Amino acid sequence: MAICVAVFGFGYYILNHVSSMEKPFLGNTFHIIFGCTLMAISSLLFAYITKKQFFPKKRKRTKQIFLEDITKNKDS
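On a predicted model such as this, the values are computed, not experimentally measured, just so you know.

What counts and how
- Counting from 1, residues in each chain are numbered in the order their sequence is written.
- Local features in this predicted model are restricted to residues of pLDDT 70 or higher, and side-chain atom pairs are both shown and tallied only at a pLDDT of 80 or more, whereas totals for entire chains, interfaces and linings draw on every residue.
- No hydrogens and no water enter the side-chain calculation; it runs on all heavy atoms of the structure.
- In this text, helices come from DSSP runs of H or I with a minimum length of four residues, and strands from runs of E with a minimum of two, each type numbered from the N-terminal end.
- Expected span of a helix: the number of residues minus one, times 1.5 Å.
- Classification of residues uses two cut-offs on accessible area relative to the type maximum, computed with a 1.4 Å probe and protein chains only: under 20% is buried, over 50% is exposed, and between them is partly exposed.
- Directions pointing from the helix axis toward each C-beta atom define the arc.
- Note on definitions: a residue-residue contact is assigned when non-hydrogen atoms from the two residues lie within 4.5 Å.

Q: Looking at this structure, how should I read helix H1 (residues 2–18)?
A: End to end, H1 covers 23 Å across 17 residues, agreeing with the expected 24 Å (1.5 Å per residue, within 8%). Three or more residues of H1 are buried, namely Cys 4, Gly 11, Ile 14, Leu 15 and Val 18. All buried residues of H1 lie within an arc of 125° about the axis, which places them on one face of the element. Facing away from the buried side of H1 by over 90 degrees, the exposed positions are Ala 2 and Val 5. Where H1 is buried, its residues touch helix H2 (28–54).

The following block contains the structure:
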């Protein structure tokens, strides 16, 4: 989770600070797209990790039927 927050912060930095420079390396458009992509991916991963961690899937429990129980009920 901390890594996702750090990647989101890095993407935010690239989007707002590096892309607003006068002549950044590789151009402004690259930094805008790269920053938005990092922020989007880290947000999706953060949501997925949070869902898996705090909202686990409930397992259905089935009643186990053994052969001995069936034969006892038939005799009675």
